[in-house]
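Observations on the three-dimensional arrangement
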Amino acid sequence: MSQILNPRVVTTHKPHICFGCAREFPKGTKMELSCIVDGGTAWTCYLCPTCMKLTQEMRYDDEYCCGDLLEDALELEAEESEN
């Protein structure tokens, strides 16, 4: 199981790919930056604002791979644009 360390919201200085939905976001986007430790390997990942909302609803032990949240992210954004 992966361990998430030091999640924080940053304003990006260059384009980044969201780990949750695998979409590219331009520099200047507020994204969550986390350090992930998995099996002794450490790496960083970014989450877009929509995926941040989606992951807040998940249980602590729910895991997902890069791009797994795309469908849910698009659905949430569509719902929010209707309101």
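Going by the structure above, here's the rest.
Residues numbered from 1 in each chain as written. Predicted model: local features only at pLDDT ≥ 70, side-chain atom pairs only at ≥ 80, totals over all residues. Heavy atoms only, no water.

1. Some points on the packing of aromatic side chains
Where two aromatic rings form a pair, the distance of their centres and the angle of their planes describe that pair. As a reminder of what qualifies: Working definition: a ring pair exists when centres of Phe, Tyr or Trp rings (six-membered ring for Trp) sit within 6.5 Å. Plane angles under 30 degrees give stacked, over 60 give edge-to-face, the rest tilted. For the purposes of this entry, the term helix denotes a DSSP run of H or I that reaches at least four residues, the term strand denotes a run of E that reaches at least two, and both are numbered from the N terminus. Here the term buried applies to any residue with accessible area under 20% of the maximum for its type, exposed to any over 50%, and partly exposed to those in between, with areas from a 1.4 Å probe on protein chains only.
For the structure on display, the rule yields two aromatic pairs. Measuring from centroid to centroid gives 5.3 Å for Phe19 and Trp43, while their planes differ by 50°, and the two rings are tilted. Here Phe19, found in the loop between strand E2 (16-17) and strand E3 (24-25), pairs with Trp43, found in strand E5 (residues 41-47); they are 24 residues apart in sequence, far enough to count as distant. Judged by its relative accessible area of 32%, Trp43 is partly exposed. Arranged with centres 5.8 Å apart and planes meeting at 50°, the rings of Phe19 and Tyr64 form a pair that is tilted. One end of the pair, Phe19, is in the loop between E2 and E3; the other, Tyr64, is in the loop between helix H1 (49-56) and helix H2 (70-82), with 45 residues separating them in the sequence. A connected cluster of aromatic rings, assembled from ring pairs, spans Phe19, Trp43 and Tyr64.

2. Considering the pattern of salt bridges
Spelled out, the test is: By definition here, a salt bridge exists when the distance from a side-chain nitrogen of Lys or Arg to a carboxyl oxygen of Asp or Glu is within 4 Å.
Considering all chains together, one arrives at three salt bridges under this definition. For Arg23, the salt bridge is made with Glu77, and the minimal N-O distance between the two is 2.8 Å. With Arg23 in the loop between E2 and E3 and Glu77 in helix H2, this residue pair connects regions lying 54 residues apart in the sequence. Asp62 is the partner of Arg59 in a salt bridge, and the nearest nitrogen-oxygen pair spans 3.9 Å.

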